[in-house]
Amino acid sequence: MTEARRIVVKVGSSSLTTASGGLDADRVDALVDVLAKVRGPGEDGGTGGGAGAGAREIVLVSSGAIAAGLAPLGLTRRPKDLARQQAAASVGQGLLVARYTASFARYGVRVGQVLLTSDDMSRRAHYRNAYRTLDQLLSMGAFPIVNENDTVATDEIRFGDNDRLAALVAHLVRADLLVLLSDVDGLYDGDPSRPGTSRIQEVHGPRDLAGVEIGSAGKAGVGTGGMVTKVEAARIAAAAGIPVVLTSASRAADALAGRDTGTYFHRTGRRSAGRLLWLAHASAPQGALTLDEGAVRAVVHGRKSLLPAGIAAVEGEFGAGDPIELRDTDGRPVARGLVNFDAKEIPQLLGRSTKELAKELGPAYEREVVHRDDLVVLHPWNG
């Protein structure tokens, strides 16, 4: 932990706002005090330029936009409908970034805002652009603050919670460590409000969590996701080769200093190829293709592209470039990918070779339905 040079920190709404739904300036300042000091001085002593040789790079994934917008709009609680959530986010995002900008200014640190949707991150060019923007902000000594673009995100392209977003951002920027901050000081082996429960200090893999009662948002009282989404985010990051610390915002300094606090999730896998992690965990399939047995073997075991000859059926309404699910003949999802054709075009392609299609329909049809570079296997197929 102390050797981590690039770190993603995620903080939840409940750690930044008051019970009535406004930003708590003291809480924001307290968090910024920790992050600015851990970040260290830049080449010019901390007021600009790039980071110095001994500095640590930090990306902050911050919730709080919707919560910050409640009071100014006269709302007493978080609305359930998407339209009013978007309206609250529109008002609150500006207030949130303005508060961070003022707080970091005390240390001579500039702030950069990056708003993301899952749709952006599943597409190749957008993914590269997001990485370049964040990497450039860090190299220029700015402090990136990331949030989901709640103002325009629809139900189909939402991450659903910023814990998962933080795990995916950590993978995007090739972070050495992910720190998840909430109002609970770690993962417990039961409801932390009940006597007799104890904090789980380390998690080496799924077996360490067998039988552990993990609270929802209502039990944990931490934003919209609760402990369930934090453990899932930790699982995603750890499987991608990034260790995770889960603790409370009040113990952020201890976590970033490597002291014993919260719950430490060890790596369980290696870093995977770029945006494929986003495709697996952040995209919402707009339809599905059923593959015959040969196509399933080629896609899953051979890591091949999906050709028209191996498709048995098409389901849903989608356009070229949309994420879709690939299923076996029993309906089990085996992969996910970005499709190269509209749903209405695919029925005429089923079971036919690309050479045959090119001869009849033109050279545009001599291509893969899903290219292997735009495809991620969800789990091993035992066929």
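Note: the structure precedes this text.
What you are looking at is a predicted structure, and each value in this text was computed from that prediction instead of being measured. (Residues numbered from 1 in each chain as written. Predicted model: local features only at pLDDT ≥ 70, side-chain atom pairs only at ≥ 80, totals over all residues. Heavy atoms only, no water.)

Draft legend 1. Quick look at the pairing of strand β9 (residues 287-291). Across the five residues that make up β9, a large majority, four, are buried. Where β9 meets strand β10 (residues 311-316), five bridges bridge the pair, whose relative direction is antiparallel. Counterpart to Leu289 in the pairing with β10 is Val314. The sheet contact formed by β9 and strand β11 (residues 323-327) spans three bridges and is parallel. Directly across from Ala288, in β11, lies its bridge partner Glu325. (Buried < 20%, exposed > 50% of the residue type's maximum accessible area, 1.4 Å probe, protein only. Helix = DSSP H or I, 4+ residues; strand = E, 2+ residues; numbered from the N terminus. Pairing = 2+ DSSP bridges.)

Draft legend 2. Looking closely at the sheet that holds β10. A sheet is described by the order of its strands in space; here five strands give the open sequence β10-β9-β11-β12-β13, paired in mixed fashion. Strands at the two margins of the open sheet, each flanked by one partner only, are β10 and β13 (375-377). Each strand axis lies, on average, 20° off the axis of its neighbour in the sheet, ignoring direction. Here helix α11 (residues 293-301) sits on the sheet and contacts β9, β11, β12 (333-338) and β13; the angle it forms with β9, its principal contact strand, is near 110°. (Axes fitted to C-alpha atoms, helices over the stretch in contact; angles between N-to-C directions. Contact = heavy atoms within 4.5 Å.)

Draft legend 3. Here's a closer look at a nonpolar patch on the surface. A cluster of nonpolar side chains, namely Leu73, Val91 and Leu95, defines an oily patch on the protein surface of about 220 Å² accessible area. Position of Val91 relative to the elements: it lies in helix α3 (residues 82-105). What makes Val91 partly exposed here is its relative accessible area of 32%. (Patch = residues over 30% accessible without salt bridge, like charges linked within 9 Å, V, L, I, M, F, W, Y side chains within 5 Å. Areas by Shrake-Rupley, 256 points an atom, 1.4 Å probe, with all protein chains shown as cover. Salt bridge = Lys/Arg side-chain N within 4 Å of Asp/Glu carboxyl O.)

Draft legend 4. Looking closely at the packing of helix α6 (residues 162-172) against helix α8 (residues 226-239). Packing of α6 against α8 brings their axes to within 8 Å, and their N-to-C directions diverge by 15°. Relative to α8, α6 is oriented roughly parallel. With respect to the hand of their crossing, α6 and α8 are arranged in right-handed fashion. Along its contact with α6, which presents Asp163, Arg164, Ala167 and Leu168, the element α8 presents Gly226, Thr229, Lys230, Ala233, Ile236 and Ala237. Looking at side-chain class alone, the contact of α6 with α8 contains five nonpolar, two polar and three charged residues. (Parallel < 35°, antiparallel > 145°, perpendicular 65-115°, else oblique. Left-handed = near helix turned anticlockwise from the far one by under 90°. Nonpolar A, V, L, I, M, F, W, Y, C, P; charged D, E, K, R; others polar.)

Draft legend 5. Just the pattern of salt bridges, in detail. Scanning the entire structure with this criterion turns up 19 salt bridges. Residues Lys230 and Asp163 are paired through a salt bridge, measuring 3.2 Å at the closest nitrogen-oxygen approach. Of the two residues, Lys230 sits in helix α8 while Asp163 sits in helix α6, which places them 67 residues apart along the sequence. Judged by its relative accessible area of 2%, Lys230 is buried. A relative accessible area of 2% means that Asp163 is categorised as buried.

Draft legend 6. Local environment of the pairing of strand β5 (residues 177-182). The buried count for β5 comes to six of six residues, which makes it a mostly enclosed element. Looking at chain direction, strand β1 (residues 6-11) and β5 are connected through five bridges and run parallel. From the neighbouring strand, Lys10 faces β5, where its bridge partner is Leu180. Where β5 meets strand β7 (residues 244-248), five bridges bridge the pair, whose relative direction is parallel. Paired with Ser182 across the bridge in β7 is Ser248.

Draft legend 7. Representation of the packing of helix α1 (residues 25-39) against α3 within the structure. Here α1 crosses α3 at 50°, and the two axes come no closer than 9 Å. Classed by the angle they form, the pair α1 and α3 counts as oblique. Judged by the sense of rotation from one axis to the other, the crossing of α1 with α3 is right-handed. Of the residues in α3, those touching α1 at Ala25, Val28, Asp29, Leu31, Val32, Leu35 and Ala36 are Arg99, Tyr100, Ser103 and Phe104. The residue inventory of the contact of α1 with α3, partitioned by class, reads eight nonpolar, one polar and two charged.

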